[in-house]
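Structural characterization, general
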Amino acid sequence: MPPRGWLSRTFRQAIDKWFPSGRPGPDGAEWSRDRLVSLIKDRLAGMRVVVVANREPYIHNREGDHIRWIRPASGLVTALDPIMRTTGGVWVAHGSGSADRETSDERGRLPVPPGKPSYTLRRIWLSKEEETGYYYGFANRALWPLCHIAYTRPVFDAADWTEYARVNARFADAVLEEIEGGPAIVLVQDYHFALLPRLVKARRPDAIISHFWHIPWPHREAFRICPWAEEILDGLLGSDLLGFHVQLHCNNFLDTVDRLVESRVEYEHFSATRAGHQTNVRPFPISIDMEGISTNGLARSDLTAFKNSLGLPDDCAIALGVDRMDYTKGIPERLRAVARFLERYPEWRKRFLFLQMGAPSRTEIREYRELNEEIDGLAAHINAKYRSGDWTPVRILRAHHGAEDVFAGYRAASVCVVSSLHDGMNLVAKEFVAARDDRQGVLILSLFTGAAREMQDALLVNPYATDAFADALNTALTMAPEEQQRRMQRLRAQVAEHNIFRWAGLLLTETCRLAESTAQ
Ligand code: G6P
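In short, a report on the structure. (Residues numbered from 1 in each chain as written. Predicted model: local features only at pLDDT ≥ 70, side-chain atom pairs only at ≥ 80, totals over all residues. Heavy atoms only, no water.)

Applying the stated rule across the entire model yields 42 salt bridges. Taking the shortest distance from any N to any O, the salt bridge between Glu374 and Arg336 comes out at 2.9 Å. Taken together, the positions of Glu374 in helix H13 (residues 366-386) and Arg336 in helix H12 (residues 331-344) put the pair 38 residues apart, joining distant regions of the chain. Residue Arg398 is joined to Asp376 by a salt bridge in which the shortest nitrogen-to-oxygen separation is 2.9 Å. Here Arg398, found in strand E15 (residues 394-398), pairs with Asp376, found in helix H13; they are 22 residues apart in sequence, far enough to count as distant. We classify Arg398 as partly exposed; its relative accessible area is 32%. A relative accessible area of 36% means that Asp376 is categorised as partly exposed. Here the salt bridges do not stand alone but share partners, grouping Arg107, Arg109, Arg122, Glu177 and Glu178 into one network. (Salt bridge = Lys/Arg side-chain N within 4 Å of Asp/Glu carboxyl O. Helix = DSSP H or I, 4+ residues; strand = E, 2+ residues; numbered from the N terminus. Buried < 20%, exposed > 50% of the residue type's maximum accessible area, 1.4 Å probe, protein only.)

This is the structure we're talking about:
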């Protein structure tokens with residue numbers, strides 16, 4: 001009999017062959033920071049590189065007399081910061097920190113990373129009204145639930161839409177200012193800026209614009225309920241290149257364009273042409289800097305310290321969740337599975353902890369506040385039912401945890417649980433694997449993440465199927481160390497090869513190819 005996962009691996013190899021963004025690179029070599037740097041030096045010399053993303057990579061906050069900076073909990077920031085350090089361009093973002101103004105110059109610019117500057121952050125100031133309509137409103141109450149199949153109903157409000165359009169235009173002005181007077185590549189990020197590519201292209205047709213949509217693109221029938229579907233598609237079709245994490249989202253996008261706007265869609269080339277301008281649509285699965293992470297190995301004493309800080313004995317097994325507190329992440333489903341697990345496998349009582357490290361997120365939005373209440377209610381219910389002496393089975397740590405704490409958590413955990421109801425990629429799954437250079441630990445991963453397509457050696461679960469999910473927890477906790485090692489080794493090889501430099505390298509190679517063909 002062929003080994004487990006053989007069929008899916010063979011299939012993946014075939015997919016890698018068919019789709020260029022799945023290949024290692026023209027010379028077959030693996031992607032590294034050095035290779036990305038030489039690509040940038042060779043192909044982008046003399047070009048201005050501008051990233052546009054709503055979230056800034058460094059936020060300055062005032063705490064009493066002190067100013068402290070943080071890195072926000074965002075997969076997008078995790079992925080793009082190393083790229084920006086390499087290209088040394090400009091990152092245009094919303095300045096959202098309470099001390100952001102006093103740490104930037106009069107144009108909102110400052111060198112970053114703090115203390116070791118290698119690129120420029122340009123902060124855009126938004127009024128309360130703009131932030132409410134554009135960010136909390138249209139981006140996060142309309143587009144976010146529209147694109148994720150998590151059964152949270154989108155809210156389409158005309159005033160939010162007006163602010164969204166206005167903010168897109170303001171960011172487009174800043175980009176145009178930054179790229180003035182020279183050849184440029186603009187790397188637009190995510191659902192906050194669907195209109196921006198068209199706005200920039202109209203005034204700078206020579207600028208090469210790539211847009212990466214970090215969240216899923218739903219089926220066309222789901223997308224067409226948006227009253228401004230046509231405007232959004234038209235905005236995105238101002239890009240030269242449009243990227244998604246997986247092929248399915250590329251297919252969904254082209255189907256939506258084909259059905260909703262006047263254009264010529266060519267499935268053979270994966271492109272759409274509207275008003276004479278062609279947009280190429282390709283999958284680029286995002287990832288992490290595996291080497292950068294795994295060299296930060298933690299000592300055994302740090303792990304004991306981590307468990308001690310939680311008041312846990314050394315032999316207590318931890319199942320860990322690390323997420324923004326978002327309804328797409330399936331945290332209530334995870335807690336229901338933990339409850340079922342404790343009911344079905346009583347032998348784990350008193351020697352198991354489910355630990356949720358959760359970064360508070362978008363709490364101005366009602367659906368997020370309700371989610372937090374639901375999570376607290378479920379945790380309290382489980383703890384009340386199973387608590388015994390000092391032992392409580394569930395702990396929710398709500399904070400913006402720094403990378404050190406998160407990595408200590410990854411290393412101390414027996415199991416990492418990623419149970420998204422729908423997720424473009426999910427970098428927590430990849431970070432966990434990168435942190436485990438001891439080749440131990442088991443990843444439980446939702447079938448409905450982009451990551452599940454690449455990480456077949458995880459225990460794949462349907463987060464809605466509570467019984468099977470509970471059984472997966474037991475399977476993970478009782479898995480023999482040799483089996484853990486075999487799986488972890490393969491997962492690590494996968495993430496090491498399909499790293500963030502490959503994502504950026506392939507995306508930039510394709511963008512440069514377009515730049516060169518346009519210049520001819
Ligand atoms: C997702 C989105 C990002 C966003 C991140 C954090 O990963 O794709 O664009 O930055 O969530 O959310 P926030 O609203 O805090 O930026």
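What follows covers the nonpolar core. Nonpolar side chains in soluble globular proteins generally cluster together in the buried interior. Residues Ile232, Phe253 and Ile444 are the most contacted members of the largest nonpolar core, which totals 98 residues. It is helix H4 (residues 128-147) that contributes the most residues to this core, 10 residues altogether. Other than its neighbours up to four places away in sequence, Phe253 contacts Trp217, Leu233, Leu236, Leu237, Leu242, Phe244 and Val281. Core analysis: the next-biggest nonpolar cluster, separate from the first, contains 76 residues, Ala53, Phe407, Met488 and Ala515 among them. (Core = buried A, V, L, I, M, F, W, Y, C linked by side-chain atoms within 4.5 Å. Contact = heavy atoms within 4.5 Å.)

A separate point is the packing of helix H2 (residues 33-43) against helix H3 (residues 75-87). Contact pair H2 / H3: the axes reach a minimum separation of 10 Å and the direction vectors enclose 50 degrees. Compared by their axis directions, H2 and H3 come out oblique. Viewed along their axes, H2 and H3 form a crossing whose handedness is right-handed. Contacts between H2 and H3 pair Arg33, Leu36, Val37 and Ile40 from the former with Pro82, Ile83, Thr86 and Thr87 from the latter. Tallied by class, the residues present in the contact of H2 with H3 amount to 5 nonpolar, 2 polar and 1 charged. (Axes fitted to C-alpha atoms, helices over the stretch in contact; angles between N-to-C directions. Parallel < 35°, antiparallel > 145°, perpendicular 65-115°, else oblique. Left-handed = near helix turned anticlockwise from the far one by under 90°. Nonpolar A, V, L, I, M, F, W, Y, C, P; charged D, E, K, R; others polar.)

All right, on to the sheet that holds strand E14 (residues 352-359) then. Read from one edge to the other, the open sheet built from 6 strands follows the order E15-E14-E13-E16-E17-E18, with strand pairing classed as parallel. Every interior strand has two partners, whereas the edge strands, E15 and strand E18 (459-461), have only one. In this sheet, neighbouring strand axes are inclined to one another by 20 degrees on average, regardless of whether the strands run parallel or antiparallel. Alignment of strand E17 (residues 442-446) against E18, held across 3 bridges, turns out to be parallel. From the neighbouring strand, Ser446 faces E18, where its bridge partner is Val461. (Pairing = 2+ DSSP bridges.)

With that settled, the discussion passes to the pairing of strand E1 (residues 48-52). Where burial is concerned, most of E1 is hidden: 4 out of the 5 residues are buried. In this sheet, strand E7 (residues 184-189) lies alongside E1 in parallel orientation, the contact comprising 5 bridges. Bridging from a neighbouring strand, Val51 pairs with Leu187 of E7. The pairing of E1 with strand E4 (residues 90-94) spans 3 bridges and is classified as parallel. Residue Val51 lies in a different strand from E4, and its bridge partner there is Trp91.

The relative placement of two packed helices comes down to the angle between their axes together with the axis-to-axis distance. Look at H12 against helix H17 (residues 466-477): their axes get within 8 Å of each other, and the N-to-C directions meet at 65 degrees. As summarised for this structure, H12 and H17 are arranged roughly perpendicular, according to the angle between their axes. You can see that H12 and H17 cross each other, and the crossing is right-handed. Contact with H12, carried on its side by Glu333, Arg334, Arg336, Ala337, Val338, Arg340, Phe341 and Arg344, involves Thr466, Asp467, Phe469, Ala470, Asp471, Leu473, Asn474 and Leu477 of H17 and no other residues of that element. Tallied by class, residues from the contact of H12 with H17 come to 7 nonpolar, 2 polar and 7 charged.

This part takes up the site of the ligand. Close to the ligand lie 13 residues; Arg55, Ser74, Tyr135, Asp190 and Arg362 are nearest. In the environment of the ligand, an oxygen atom lies 2.5 Å from a nitrogen or oxygen atom belonging to the side chain of Asp190. Arg362 has a polar side-chain atom sitting 2.9 Å from an oxygen atom of the ligand. About the coverage of the ligand: the protein hides 89% of its 370 Å² of free accessible area. Each residue belonging to the shell around the ligand can be placed in one class, and the counts come to 6 nonpolar, 3 polar and 4 charged. (Near = heavy atom within 4 Å. Polar contact = N/O pair within 3.5 Å; in protein donor to acceptor, adjacent residues only side chain to side chain. Areas by Shrake-Rupley, 256 points an atom, 1.4 Å probe, with all protein chains shown as cover.)

Side chains on a regular strand alternate between the two faces of the sheet. Judged from the 5 bridges that link them, E14 and E15 form a sheet pairing that is parallel. Paired with Gly358 across the bridge in E15 is Arg398. Taking the sense of rotation as the criterion, the β-α-β connection linking E14, H13 and E15 turns out right-handed. (Right-handed = clockwise from strand over helix to strand, strands pointing away.)

Judged by pairing direction, the sheet is mixed, and its 10 strands sit side by side in the order E5-E6-E4-E1-E7-E8-E9-E12-E11-E10 without closing on themselves. Both edges of this open sheet fall to strand E5 (109-112) and strand E10 (264-266), since each of them pairs with a single strand only. Each strand axis lies, on average, 20 degrees off the axis of its neighbour in the sheet, ignoring direction. Across the sheet, helix H5 (residues 158-178) is in contact with E1, E4, E5, strand E6 (119-124) and E7; its angle to E6 comes to roughly 145 degrees. Set on the sheet, helix H9 (residues 247-260) makes contact with strand E9 (241-244), E10, strand E11 (271-274) and strand E12 (277-283); between it and E12 the angle comes to about 150 degrees.

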